[in-house]
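Structural overview
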Amino acid sequence: MTGYGMNMWMSLSPTKRNTALSMYRPLIKSSRNGFIPKGGSISNISAAKKTPMTRERMRTLQRIGFNWTSEITMRNKTWNERFEQLVEYKKLHGDCNVVYSYKEIPGLATWVASQRSFFRKLQKSGEYTRTFTKERMKALENLGFQFVVTSGNRSEVPKSSKA
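Please read these numbers as outputs of a predicted model, since none were measured by experiment. (Residues numbered from 1 in each chain as written. Predicted model: local features only at pLDDT ≥ 70, side-chain atom pairs only at ≥ 80, totals over all residues. Heavy atoms only, no water.)

Right, let's talk about the overall build of the protein for a bit. Per the secondary structure count, the protein includes seven helices and zero strands. Starting at the N terminus, the α and β elements of the protein follow one another as α-α-α-α-α-α-α. Per-residue burial for the protein yields a buried fraction of 34% across its 163 residues. Sequence-distant contacts, at least 24 apart, represent 52% of the contacts inside the protein between residues at least 6 apart. As displayed, the protein has an accessible area near 10800 Å², and 56% of this comes from carbon and sulfur atoms. (Helix = DSSP H or I, 4+ residues; strand = E, 2+ residues; numbered from the N terminus. Buried < 20%, exposed > 50% of the residue type's maximum accessible area, 1.4 Å probe, protein only. Contact = heavy atoms within 4.5 Å. Areas by Shrake-Rupley, 256 points an atom, 1.4 Å probe, with all protein chains shown as cover.)

Structure below.
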């Protein structure tokens, strides 16, 4: 990519560039026989391997800001960040029952609802998933997370988020 195309590409935010490239990430990584460079380094590629991913192509991807982090790593990071937000919420409010009207941490109530949904699926199937692992369930249990919530144990909207 050179000239006008490169200028247009570089004008996109890093988030938009990574989103645009995300559909190619599995192909790029599989073409390198599972090699994922740490910090974008291409020094560990064997020149003897036949692969469509050449050093020049890797350099071009690095120049345009390709994110070499796998989706699983990003998903784990997101889960861990949300879990830490839930820990902070519990310190402030004494429970893990985040209501949708809580605005201080956008999206936390949806994430909490997702954990409960994953738990219900686990109850039906009896199998953990890559999204809801035994370790994650234990971490939530240790925090005092209620996987089953009835109207009697839901929190009111925290006073600090009422307008």
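Moving on, there is more to tell.
The next thing to look at is the nonpolar core. Residues Leu-86, Val-98, Leu-108, Trp-111 and Leu-140 are the most contacted members of the largest nonpolar core, which totals 22 residues. For this core, the elements supplying multiple residues, two or more each, are helix H5 (71-93), helix H6 (108-125) and helix H7 (134-143). Among the elements that line this core, the one with the most residues is H6, at six residues. Once residues lying within four places of it in the same chain are set aside, the contact partners of Trp-111 are Trp-79, Arg-82, Phe-83, Leu-86 and Leu-140. With five residues, the next largest nonpolar core counts Met-53, Met-58, Leu-61 and Phe-66 among its residues. (Core = buried A, V, L, I, M, F, W, Y, C linked by side-chain atoms within 4.5 Å.)

On to the confidence of the model for the protein. Residues shown with low pLDDT carry predicted positions that ought not to be read at fine detail. Looking at the protein as a whole, the pLDDT averages 73, with 54% of positions reaching at least 70. Of all helices and strands in the protein, the one with the weakest mean pLDDT is helix H3 (residues 25-31) (50), whereas H7 scores best (96). Low pLDDT, under 50, characterises residues 29-49; the predicted model gives this stretch 33 contacts beyond four residues in sequence or across chains. pLDDT under 50 marks residues 155-163. Its contacts with residues more than four places away, or in other chains, come to 17 contacts. (pLDDT = per-residue confidence, 0-100.)

Moving on, we come to helix H4 (residues 55-63). Among the residues of H4, those classed as buried are Met-58, Thr-60 and Leu-61. Angular distribution of buried residues about the axis of H4 spans 160°; they occupy a single face of the element. Looking one or two places after H4, you find Gly-65, whose phi comes out positive at around 85°. (Arc of directions from axis to C-beta.)

Glancing now at the packing of aromatic side chains. Counting across every chain of the model gives seven aromatic pairs. Their ring planes at 35° and their centres at 6.2 Å tell us that Phe-118 and Phe-132 sit as a pair that is tilted. Remark: Phe-132 occurs in the loop between H6 and H7 and Phe-118 occurs in helix H6; sequence separation between them is 14 residues. A relative accessible area of 21% places Phe-118 in the partly exposed class. Take Phe-132: its relative accessible area is 2%, and that puts it in the buried class. Chaining the aromatic ring pairs together yields one cluster made of Phe-118, Phe-119, Phe-132, Phe-145 and Phe-147. (Phe/Tyr/Trp six-rings, centres within 6.5 Å; stacked < 30°, edge-to-face > 60°.)

For an α-helix, 3.6 residues make a turn, and residues three or four places apart therefore share a direction. Looking only at H7, the buried set comprises Arg-136, Met-137, Leu-140 and Leu-143. When H7 is viewed along its axis, its buried side chains cluster within an angular range of 125° and face the same direction. Exposed residues on H7 whose side chains face more than 90 degrees from its buried face are Glu-135 and Asn-142. Positive phi appears at Gly-144, one or two residues downstream of H7, with a value of about 95°.

Along the polypeptide, Trp-111 turns up in helix H6. Looking at Trp-111, the relative accessible area reads 10%, which means it is buried. Once the C-alpha coordinates of Trp-111 and Val-98 are considered, the two residues, 13 residues apart in sequence, prove to be 9.4 Å apart.

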